[in-house]
Amino acid sequence: MDKLKYEPLFETKKAKGRILYRLFASSMFCGIIFIWIYRLCNIPEPGENGRYGWIGMLGAELWFGFYWLLTQSLRWNRVHRHTFRDRLLLRYENELPRVDVFVCTADPAIEPPIMVINTVLSVMAYNYPPEKLSVYLSDDAGSELTFHALLEASRFAKHWLPYCKKVSVEPRSPAAYFTSLSVSDQSDADFSEIKRLYEDMANSIEVACKAGTVSDQAKLEYTGFSKWDSYSSKKNHAAILQILIDSRDEETMDIDGVRLPTLVYVAREKRPQHFHNFKAGAMNALIRVSSEISNGPVILNVDCDMYSNNSNSIQDALCFFMDEERSHEIAFVQFPQSFENTTKNEVYGSLRVIDEVEFHGVDGNGGPLYTGTGCFHRRDTLYGREFSKEAKTDLKSAYPEKTEKNVHELEERLERLASSTYEQNTQWGNEIGLKYGCPVEDVLTGLTIQCKGWKSVYYRPKRKAFLGLTATTLDQILVQHKRWSEGDLNILLSKYSPVWYGLGKLNFCHMLGYLTYCLWSPNFLATLYYSIVPSLYLLKGISLFPQVSSKWFLPFTYVIIAELINSFAEFLYSGGTVLGWWNEQRIWLYKRTSSYIFAFLDTMLKLFGSSNTTFIVTPKVTDDDVLSRYKQEKMEFGSASPMLTILSTLAMLNLFCLVGLVKKLILTREVGLKYVFGTMVLQILLCGVLVFVNLPLYNALFFRQDKGKVPSSTTVQSVVFALSVCTCVAYLY
Ligand SMILES: O=c1ccn([C@@H]2O[C@H](COP(=O)(O)OP(=O)(O)O[C@H]3O[C@H](CO)[C@@H](O)[C@H](O)[C@H]3O)[C@@H](O)[C@H]2O)c(=O)[nH]1
Ligand SMILES: [Mn+2]
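Treat the numbers as computed from the prediction; the structure is a model and nothing was measured.

Here is what the cut-offs are and how they apply
- Residues numbered from 1 in each chain as written.
- Chains lettered and ligands numbered in written order.
- Predicted model: local features only at pLDDT ≥ 70, side-chain atom pairs only at ≥ 80, totals over all residues.
- Heavy atoms only, no water.
- Helix = DSSP H or I, 4+ residues; strand = E, 2+ residues; numbered from the N terminus.
- Rg over C-alpha atoms; globule rule 2.2 N^0.38 Å.
- Buried < 20%, exposed > 50% of the residue type's maximum accessible area, 1.4 Å probe, protein only.
- Contact = heavy atoms within 4.5 Å.
- Areas by Shrake-Rupley, 256 points an atom, 1.4 Å probe, with all protein chains shown as cover.
- Lys, Arg positive; Asp, Glu negative; His and termini not counted.
- Charge placed at Lys NZ, Arg CZ, Asp CG, Glu CD.
- Pairing = 2+ DSSP bridges.
- Axes fitted to C-alpha atoms, helices over the stretch in contact; angles between N-to-C directions.
- Salt bridge = Lys/Arg side-chain N within 4 Å of Asp/Glu carboxyl O.
- Near = heavy atom within 4 Å.
- Polar contact = N/O pair within 3.5 Å; in protein donor to acceptor, adjacent residues only side chain to side chain.
- Nonpolar A, V, L, I, M, F, W, Y, C, P; charged D, E, K, R; others polar.
- UniProt positions renumbered as here; feature names shortened; annotations may be inferred.
- Patch = residues over 30% accessible without salt bridge, like charges linked within 9 Å, V, L, I, M, F, W, Y side chains within 5 Å.
- pLDDT = per-residue confidence, 0-100.

1. Points about the overall build of the protein
Phase 1: Per the secondary structure count, the protein includes 24 helices and 13 strands.
Phase 2: Here the C-alpha radius of gyration of the protein, 28 Å, is about what a compact globule of 733 residues would show, namely 27 Å.
Phase 3: Overall, the C-alpha framework of the protein stretches about 95 × 65 × 60 Å when taken along its three principal axes.
Phase 4: Put simply, the protein has 733 residues, and 58% of those count as buried.
Phase 5: Sequence-distant contacts in the protein: of pairs separated by 6 or more residues, those separated by 24 or more amount to 84%.
Phase 6: Carbon and sulfur atoms form 60% of the exposed surface of the protein, whose accessible area is close to 31,300 Å².
Phase 7: Where the 77 positive side-chain charges of the protein centre and where its 77 negative ones centre are 8 Å apart.

2. As for the sheet that holds strand E3 (residues 99–105)
Phase 1: Spatial ordering of the open sheet is given by E5-E6-E4-E3-E7-E11-E9-E12, a layout of eight strands whose pairing is mixed. The open sheet has two edge strands with one neighbour each: strand E5 (240–245) and strand E12 (455–458). Neighbour to neighbour, the strand axes of the sheet diverge by 20 degrees on average, direction disregarded.
Phase 2: Its contacts with the sheet put helix H5 (residues 144–167) on E3, strand E4 (133–139), E5 and strand E6 (262–267), and the angle it makes with E5 is roughly 15 degrees.
Phase 3: On the sheet, helix H14 (residues 441–451) packs against strand E9 (330–334), strand E11 (375–378) and E12 and is oriented at approximately 150 degrees with respect to E9.

3. Notes on the pattern of salt bridges
Phase 1: This model, assessed by the stated rule, comprises 37 salt bridges.
Phase 2: Among the ionic pairs, Lys227 bridges to Glu415, the shortest N-O distance being 2.9 Å. A residue pair is termed long-range when its members are at least 10 positions apart, and Lys227 in the loop between helix H8 (216–221) and E5 and Glu415 in helix H13 (residues 407–417) qualify at 188 residues.
Phase 3: Here Lys227 falls in the partly exposed class, since its relative accessible area comes to 24%.
Phase 4: Glu415 gets classed as buried once you look at its relative accessible area, which sits at 14%.
Phase 5: Between Asp706 and Lys634 there is a salt bridge; the shortest N-O distance is 3.9 Å. Pair noted here: Asp706 is in the loop between helix H23 (695–703) and helix H24 (712–732) and Lys634 is in the loop between helix H20 (624–631) and helix H21 (642–667), with a separation of 72 residues, a long-range link.
Phase 6: On the basis of relative accessible area, Lys634 is assigned to the partly exposed category, the value being 34%.
Phase 7: Each member of the salt-bridge network shares a partner with another, and the members are Asp625, Arg629, Lys634, Glu636, Arg704 and Asp706.

4. Digging into the site of ligand 1
Phase 1: Within the structure, ligand 1 sits among 25 residues, and Asp140, Lys279, Asp303, Glu441 and Thr618 are positioned closest to it.
Phase 2: Glu441 is positioned with one of its side-chain polar atoms (N or O) 2.6 Å from an oxygen atom of ligand 1.
Phase 3: Alone, ligand 1 offers 680 Å² of accessible surface; in the complex the protein occludes 97% of this.
Phase 4: Taken together, the elements giving at least two residues each to the shell around ligand 1 come down to E3, helix H9 (278–293), H14 and helix H15 (474–493).
Phase 5: No other element matches H15, which puts three residues into the shell around ligand 1.
Phase 6: In terms of residue class, the shell around ligand 1 is built from nine nonpolar, eight polar and eight charged.

5. Thoughts on the UniProt feature "binding site: Mn(2+)" (unreviewed entry) in the protein
Phase 1: With numbering matched to this structure, UniProt assigns "binding site: Mn(2+)" (unreviewed entry) to Lys279 and Asp303. Despite a sequence span of 25 residues, these residues sit close together in the fold, their greatest C-alpha distance being 9.6 Å.
Phase 2: Counting through the fold element by element, Lys279 comes out in helix H9.
Phase 3: Excluding its chain neighbours within four sequence positions, the residues that come into contact with Lys279 are Cys104, Asn301, Asp303, Gly372, Thr373 and Glu441.
Phase 4: For Asp303, the location among the structural elements is in strand E7 (residues 298–303).
Phase 5: Leave out the neighbours within four places in its chain, and Asp303 touches Val103, Cys104, Thr119, Lys279 and Thr373.
Phase 6: A polar side-chain atom of Asp303 sits 3.2 Å from a polar atom in the side chain of Lys279.

6. Structural notes on the UniProt feature "transmembrane region" (unreviewed entry) in the protein
Phase 1: This chain's UniProt record puts "transmembrane region" (unreviewed entry) on residues 20–40, 52–70, 512–532, 552–573, 594–617, 637–661, 673–695 and 715–732.
Phase 2: Annotated as residues 52–70, this span is 100% helix and 0% strand, and its ends, taken at the C-alpha atoms, are 27 Å apart.
Phase 3: Secondary structure within residues 594–617 divides into 58% helix and 0% strand; the distance between the first and last C-alpha atoms comes to 19 Å.

7. So, the sheet that holds strand E8 (residues 307–308)
Phase 1: On the basis of which strands lie adjacent, the open sheet formed by three strands has the order E8-E13-E10 and mixed pairing. Looking at strand neighbours, the two that pair on one side only are E8 and strand E10 (338–339), the edges of this open sheet.
Phase 2: Pairing of E10 with strand E13 (residues 466–468) involves two bridges; the strand directions are parallel. Bridged to Phe339 within E13 is Gly468.

8. Notes on the pairing of E5
Phase 1: For E5, the buried fraction is high: six of the six residues fall into the buried class.
Phase 2: Strand direction decides the pairing type here: E5 and E6, joined by five bridges, are antiparallel. Within E6, the position partnered with Ile240 by the bridge is Ala267.

9. Observations regarding a nonpolar patch on the surface
Phase 1: Residues Ile560, Ile561, Leu564 and Ile565 make up a contiguous nonpolar surface patch of roughly 360 Å² in combined accessible area.
Phase 2: Mapped onto the elements, Ile565 comes out in helix H18 (residues 553–573).

10. Concerning the confidence of the model for the protein
Phase 1: Considering every residue of the protein, the mean pLDDT works out to 94; 99% of them sit at 70 or more.
Phase 2: This prediction of the complex comes with two scores: 0.96 for pTM and 0.99 for ipTM.

11. Topic: unusual backbone geometry
Phase 1: Geometrically, the link from Glu170 to Pro171 is a cis peptide bond, its omega value of -5 degrees lying close to zero.
Phase 2: Positive phi outside glycine occurs at Asn295, with the angle close to 50 degrees.
Phase 3: By the secondary structure assignment, Asn295 is in the loop between H9 and E7.
Phase 4: Classification of Asn295 as buried rests on a relative accessible area of 17%.
Phase 5: The phi torsion at Glu346 lies on the positive side, around 35 degrees, for a residue other than glycine.
Phase 6: Mapped onto the elements, Glu346 comes out in the loop between E10 and helix H11 (352–365).

Have a look at this one:
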C-alpha cells in the first residue's frame, strides 16, 4: 500500500489532563511520605500506651501508601481509542474474515434460556455478512430446555434478522429492543408481526421451563431431542452437538432469501470422574469444535447474559485487527462490561471507575486484561502462538471442508472433540487454549498472551457494545468479588505471576497494573486493622493520630481530603451520581472486610493443598420480592453467612465505640470536650464515618421487617461478638 496515502483504521489519543493529574499525584505522594515519616519517628517507647497499636498503624499506612502507588500505574498513561469503520469497509468489504462467536451458559435454573437466546439472537444479528458469522452456544448443563430454546431461536432468527436489517434495529436482542420502545413506536404491521412471533416463541420456551421438560409433541417434531435419551444429569452426560443452521448449506435462508449465520449447540461431555474446568473447559471445547466447522480466525466471547447492544462491534474490533501498520501486534480487543439492570445509585457499587478510568490506563501500558466477556481474540493466539515482529498476521484462514456425507456423521465426529477425555495427555488448558486451574481463567489467559509479546486493546465506544446483568443482592456481589480477588491472587502466586513470569516480558507499569488487581484481596488486612483498632483505642482514650495543633496534622488532612476529592471526581467523571459514590464507599469497605478475607484464606488453603478451585455462577434471575427492593435501592442482606456476620460485627463494634466515647464525654467530666477533639479528631472522624457508612446495615439489623433484613441470628451474634470485644478492651486490656 502506498505509504503516503495510508490512513489508519484506528487512532490512539492520550487522555486529556494527564499533566495535571501527574502533578496532583506527586503532591499526594509527598503527603504519603510525610505520613510515613510521622509514623516512623513517633513510635511510642516500650511500655508507653499504644505502642503496638501504633506499629500496626505504621504497617497499615505503609501498605495503603504502597497500594496507592500501584494504582497510579492505572492512571498515569491513560489513552483513548477511536475506530474508522468506513475506511475498513472501503478497503476490505469483500475480504472480511470469518468471525466465530462463543456464548457460554451453565445452568438453566439461574441463567434462563429465554435470556440466553436473546443474547444468541443479538449476536446472530450483527451487521456483518451472515455467511461469515457463526454462533456457538456452550451449554454446561447440557439442558434440553436450553436446547429447545435455541431451536426455537433458530426458527425465529429467519424473521428477526431480516427485520433488524430492514428497520435498523438497535439493540438486536429482541427482549431489550421491545422494552426500549415507547407505545407510539409500535404501530406498523411488520412490528406487530415480529412481536407476535417473538411472544409465541417466548411462550413456548416459558411453558417448557415451567414444566421442567420439553413437551413430547416438540420432541417428536425434532429428532435432535433423541440425544437426551441417555442423559442422566447435568454432571453426567455424553457430549451433545447439533448444528442447527449451517451457512454452508445453500438452502438455509431467512424469509427474504438471504443466508443465515451458522448456529451450533454444544454440550461437552460431563462425567463425575473428570474435572471439567468450568468456563475455560467450555471455551476450549468450543475452540476445537468451531475449528472444524467455520474456523473463524477471529473469536468473540460473551457470557450468556451479555447481549450485543451495538450491531457494529465486529467492525469496530476488526479495525484493530486489520490495520496494515499496527495490527500485527494486537492479540485481543476487550470491550467494557456494562450492565443493563443497574439502578441510579448502584447500591452494590459498579465497575464504573475501572471501565472509564483504570482500563484506559492499562491500555496505555500495553493493553487491558482479558475479562472474559465482550472480548475479540485472534484464534491463533488462543492456540498459543508467540508474537513475532517479522510474521505479519493475516486473517485469512482455510474453510474446513465438509468430508462427511451427512450432518449426523459430522456431528458425531465433532462430539468426540467435546468428550471429557479428549484433553488427557494434551497441552489443552496449559499451552493451548484458555488456561485451567484459576477462577479467573480469563485474566490468566490474557496475561500469558501478553507475556508472549502481544498487545491488547481496550475499546469503549459511545454506544455500549454489550449489556449484561449485574448481581442484585449483597451476597451475590460479595461472592463474585471473592471469586475475582481469589483468582487474581492465585495468579500472583502461580508460576504465571506477573512479577516473576512477567518480568522482562511486560513493561514495568503494565506489571504494576496487574499487581493492583492481583493484590485486591491482601488489602483486607490493612482495612480490617484501620476499621477496628483506632475505634477501640478511642474507647481507651489513646490517640493514634496527630493533634490538631501539630504540623503533622497537615499531611493527614491533605491526603485524606485530596484522595476523597479525587475519587469523587473520578466517579462523577465516570457517569456516577453523588449518592452512587457514597454507596461505592460502602461496598469498597464491605468487599475488603469480607470477600477479600475469604479469598485470601482460600488461596492460602489452596497453596497448602487443602482446597479446590470453585466457580459459583452468578444467578441471573431475581424473585419479584427481591427485585422490588433492588429497584428501591434497599440493600438485600437476606440469608446468614460468615461474610455477613463479619460485616455486622464490624458495624456494631464501631457503633459501640462511638457510643462509648459519647457516654464517657457526657457522664464523666474528667476529660474536656475540647481536649478530646483536639487530640483525637481524626480518630473520632474515622469511627464516625464507619458508623455513618453502615447506617443501612443498622437499619437492616434492627428495624427492617422485610425478608431482605439481616437474619436475627446474625444480629444476635454480631452484638455479642462486638460487645465482648469492646468490653475486653475497655475493662481488661
Ligand atoms: O462451569 C461453568 C461456569 C460458568 N460458565 C459461564 O461463565 C460465564 C460467567 O459466569 P458468571 O457467573 O456470570 O460470572 P461473572 O463473575 O459475571 O463473570 C466474569 O468473571 C468470570 C471469571 O471469574 C469470567 O469467566 C466471565 O467471563 C466474566 O464475565 C457465564 O456465562 C457462565 O454461564 C460456564 O460456562 N461454565
Ligand atoms: Mn456474569
